[in-house]
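A structural walkthrough
Each chain, written out:
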Amino acid sequence: MRTTTRLGALAAAGALVLSGCAADNGAGGDLTLVFTSYGSAYQQAQNDAMTTPWAESVGATVINDEPTSYARIQQMVDAGQIEWDVVDTEPFFPVANCGTLVEELDFTNIDTSKFPEGTVSPCSIPILQYSTVMMYNTDTYDVAPTSYEDFFDLENFPGVRSVPNWGAGGALELALLADGVAPESLYPLDVDRAFAKLDTIRDSLVFWNTSSESQQAMEDGTVDLTFVWSGRAYEAENNGAAFEPMWENNLIAWATLSIIKGSPNLEAAQSFIEYAATAEPQARFAELQPYSPAHADAQPELSELQQKYNVADTAIQSQAIVTDVQFWADNSAEIEELWAAWSTS
Amino acid sequence: MTIPARWAVLLLLPALAMTGAFFLVPIGDIIVRSFTEPVVGLQVYERLFADPTTWRVLGRTFATGALTVLLCIALGYPYAYLMTLVGPTMRTILIVLVLVPFWTSLMARTFAWISLLQRDGPVSALLAAFGLPGVTLLGTLPGVLIGMVQILLPYFVLTVYAGILGIDRRLITAAMSLGANRFRAFLQVYLPLSVPAVIAASALVFILALGFYITPQLLGSPQESLIAQVIGVRVERLVDFAGAGGLSAILLVSTALLLGIVGLVFRPILRALGLSRAEVRA
């Protein structure tokens, strides 16, 4: 190759590489936000209902990432390289790490009275509610189970049971309530008692690690009694699964948004959280995904099946137990180790 | 054109740099963390060694790996031997049969096994037809082994095949001409010569099996959890990097010890089989 041609090729290659390096800001102005959630249809709905309308109203660009990973958040903060701004997490995470891994929020423009008690923390706001609810296979059982005690009743309700495979998944609360603990005295959890109760059905017990597995099991009919998220129960019934909910003592939980500590886009993140804390976006989200809004004024238009699994409905709320987020924030690490030891033996 | 030795070393530099930067540094970092968080000392290891889960899961991981190796030997050795006996067309077919699962996505295969092994699935029905009703293999050790063996068998077969390809078949003919029948010739001539290849393949399959995560997670219950899953929980759920580093270091050291012990045990066995020092080392 002649020198000039070689130099020309090199220059062209260099230009191509450099153009890739230039950050693409799109149509937005100076505001950028990196939003991280759990991906797929869930995050898509969050984009349709929340991030895209917000971005359009303030002229910002939103970059999506997934899935939320506590390990990555820890790593980012340790290294000082914050790649995520706003993240959707389980409620205990911002409570346990307020000020260390997530920023404290500015509540001047957020009306916290509209959210259920115990769902707001100095570092997070709730954006949706869901419940962990007991579901039973209508093909297996002619008589419907009516309480958590039936979940542990192998004589009258034989069959395969399924619970979430981590300590905070709800299985411990399920076991204690079935063992006769009153909802008011549920927390702090008597973990040993819960494990002992679960051991009574250990041979018939299987575990689910991801919510997709729990949904698949219902659709395939490979379990008879299961303890799943209400959103997945909706999806399964929508796909024809023969399962019905038993709402007594369902465990209400919620998803929260928080800002990673040291986020380079603090202004944009705060603005987005203020937007997501209002009724409209939460209602829009509830219409797209089988989760209920956390905001009291949100009035989503729901189909009959969606209304059936709408945990914000008073009929369900009156039977619900609210997960004690502070307890889990304080004890999650220890209980997860105990759960790992118990489940793997 | 021959390259002087010192220039040859330079050619190694890119590979060494990559291995160093993307492998040694991150692993070194996480192992160093296990000795320095929260304070410099062995507290992470004290905690891990005192926890019965560590020993139970580690033992289970080695046992599962060993079972996988045994199953691979039972299924893979005859297959590899067959590959040396047949003509070129049949051999190509056999190689393709081994490689096609190899090329298929791990996730696709594992999910296919979930479908097959689940309650009231095809395998359950098949077992019922053979007089074993109501058996579900999903969430049991046999289920996990089925998945692991299917994934690791191509590694085993190809490694053994590559090894035994070099065995001169005329040795068997020679043995038979000296009076041995076919079986004796195979047992006393061919089999001992193929042992180094089998050992190499077994070591490969064993080490790969130790790191399995997705397959036991999806096909097994928590009672079949292997060490990689426990490390995963420690990283993702507990965000305990030091503990994860500690477990990884424990795994690394115990694997090295185990292979060292196996090597020491096998040396006299191989010598007894009549293999020379040089072949044993191969």
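Quantities reported herein were computed from a predicted structural model and do not represent experimental measurements. (Residues numbered from 1 in each chain as written. Chains lettered and ligands numbered in written order. Predicted model: local features only at pLDDT ≥ 70, side-chain atom pairs only at ≥ 80, totals over all residues.)

So, the overall build of chain B
Within chain B, the secondary structure is distributed over 13 helices and zero strands. Its helices and strands taken in sequence order, chain B reads α-α-α-α-α-α-α-α-α-α-α-α-α from the N to the C terminus. Residues classed as buried in chain B amount to 29% of the 282 residues present. A sequence separation of at least 24 residues applies to 72% of the contacts in chain B between residues at least 6 apart. (Helix = DSSP H or I, 4+ residues; strand = E, 2+ residues; numbered from the N terminus. Buried ≥ 20, exposed ≤ 12 C-beta atoms within 10 Å, placed from the backbone. Contact = placed C-beta atoms within 7 Å.)

Quick look at the overall build of chain A
For chain A, the count of helices and strands is 14 helices and nine strands. With the C-alpha coordinates aligned to their principal axes, the bounding extent of chain A is approximately 85 × 55 × 40 Å. The buried share of chain A, taken over its 345 residues, is 45%. In chain A, of all internal contacts separated by at least 6 residues, the share reaching a separation of at least 24 is 73%.

A few points about the confidence of the model for chain A
The predicted model of chain A has a mean per-residue pLDDT of 90, with 92% of residues at 70 or higher. Contacts for the low-pLDDT stretch residues 19-28 of chain A, under 50 throughout, to residues beyond four places or in other chains number six contacts. (pLDDT = per-residue confidence, 0-100.)

Comments concerning the interface of chain B and chain A
Taken together, the contact pairs 19 residues of chain B with 20 residues of chain A. Of all the elements in the fold, those that place two or more residues in the side of chain B that touches chain A are α3 (52-85) and α11 (227-236) of chain B. A per-element tally of the side of chain B that touches chain A places α11(B) first, with four residues.

Comments concerning the pairing of strand β4 (residues 125-137) of chain A
All names here are of chain A. Most of β4 is tucked away: 13 of the 13 residues are buried. As paired strands, β4 and strand β8 (residues 243-259) are joined by 11 bridges and run antiparallel to one another. The residue bridging P126 from the neighbouring strand is T256, located in β8. Pairing analysis gives five bridges linking β4 to strand β7 (residues 225-229), with the strands arranged antiparallel. Bridged to T132 within β7 is W229. (Pairing = 2+ DSSP bridges.)

Thoughts on helix α5 (residues 106-117) of chain B
All names here are of chain B. Here α5 contains 12 residues, and its C-alpha end-to-end distance of 16 Å stays within 8% of the 16 Å for a straight helix at 1.5 Å per residue. What α5 keeps buried is the set W113, I114 and L117. The arc enclosing the buried residues of α5, seen along the axis, measures out at 105°, which places them on a common side. Next to the buried residues of α5 lie α6 (122-129), α7 (141-164) and α10 (214-219). (Expected span 1.5 Å × (residues − 1). Arc of directions from axis to C-beta.)

Observations concerning unusual backbone geometry
Residue E66(A) is joined to P67(A) through a cis peptide bond whose omega torsion reads -15°. Mapping P67(A) onto the fold places it in the loop between β2 (60-65) and α3 (70-79). One non-glycine residue with positive phi stands out, namely N249(A), at about 65°. Mapped onto the secondary structure, N249(A) falls in strand β8. Despite not being glycine, V239(B) shows a phi value in the positive range, around 45°.

A short note on the domain arrangement of chain A
Residue and element names in this part refer to chain A. When cut into domains, chain A gives domain 1 (28-129 + 255-307) and domain 2 (130-253 + 313-343). Taking only C-alpha atoms into account, the centre of domain 1 sits 27 Å from that of domain 2. Those elements that place two or more of their residues in the side of domain 1 that touches domain 2 are α4 (92-96), β4 and α12 (304-308). When residues of the side of domain 1 that touches domain 2 are assigned to their parent elements, the largest contribution, three residues, is made by α4. Taken together, the residues of the side of domain 1 that touches domain 2 sort by class into eight nonpolar, four polar and no charged. (Domains from an automatic or database assignment. Nonpolar A, V, L, I, M, F, W, Y, C, P; charged D, E, K, R; others polar.)

Some points on the nonpolar core
All names here are of chain A. In this structure, L33, V86, L174 and I273 are the most contacted members of the largest nonpolar core, which totals 82 residues. When residues of this core are assigned to domains, at least three fall in each of domain 1 (28-129 + 255-307) and domain 2 (130-253 + 313-343). When near neighbours in sequence (up to four residues on either side) are disregarded, L33 contacts A60, V62, D85, V86, N265, A268, A269 and F272. (Core = buried A, V, L, I, M, F, W, Y, C linked by C-beta atoms within 7 Å.)

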